Amino acid sequence: GMATVFLNVGRKQLVTPADVVGKIAGVTRLPAEVVGAIDIHQRHLLVDVKAEHAPLILKKLAGIKLKGEALAPAVATEADRAAE
């Protein structure tokens, strides 16, 4: 199973999928394979991660900077998934 994580960075910060995978893998020391689909929007992105690793990823990424923005990761809601 996968869980979707909401991150408060997006196209506006010129974030690429490689940035997201690299940050998650680097900070958590988990293999890149725990990261699934990445959906980058203008001001946020949604990233699928293996459900069993989601709590660790949320905890470890909090406050970490990506493209100069301090991350505020959260479990994605249905509204996040519908937002464009």
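Right, let's walk through the structure included here. Bear in mind the structure is a predicted one, so any value in this text is a computation, not a measurement. (Residues numbered from 1 in each chain as written. Predicted model: local features only at pLDDT ≥ 70, side-chain atom pairs only at ≥ 80, totals over all residues. Heavy atoms only, no water.)

Remarks on the nonpolar core
Okay, step 1: Of all hydrophobic cores here, the largest spans 20 residues; its most connected members are Leu7, Ile24, Leu45 and Val47.
Okay, step 2: Per-element accounting of this core gives the leading share, 4 residues, to helix H2 (residues 54-61).
Okay, step 3: Here Ile24 is in contact with Arg29, Val35, Val47, Val49, Ile57 and Leu61, once residues within four sequence places are set aside. (Core = buried A, V, L, I, M, F, W, Y, C linked by side-chain atoms within 4.5 Å. Buried < 20%, exposed > 50% of the residue type's maximum accessible area, 1.4 Å probe, protein only. Helix = DSSP H or I, 4+ residues; strand = E, 2+ residues; numbered from the N terminus. Contact = heavy atoms within 4.5 Å.)

Quick look at the pattern of salt bridges
Okay, step 1: For the coordinates displayed, the defined rule picks out 2 salt bridges.
Okay, step 2: Here Asp19 and Lys67 are joined by a salt bridge, their closest N and O atoms 3.5 Å apart. A residue pair is termed long-range when its members are at least 10 positions apart, and Asp19 in helix H1 (residues 17-28) and Lys67 in the loop between strand S4 (65-66) and strand S5 (69-70) qualify at 48 residues.
Okay, step 3: Exposure remark for Asp19: the relative accessible area of 22% places this residue in the partly exposed category.
Okay, step 4: With its nearest N and O atoms 3.0 Å apart, the salt bridge here joins Arg81 to Glu78. (Salt bridge = Lys/Arg side-chain N within 4 Å of Asp/Glu carboxyl O.)

A few points about H1
Okay, step 1: Taking 1.5 Å of rise per residue, 12 residues should cover 16 Å, and H1 covers 17 Å from first to last C-alpha, within 8% of that figure.
Okay, step 2: Check the buried side of H1 and you find it contacts strand S1 (2-7), strand S2 (35-40), strand S3 (45-50) and H2.
Okay, step 3: Just downstream of H1 lies Arg29, where phi reads positive at about 65 degrees. (Expected span 1.5 Å × (residues − 1).)

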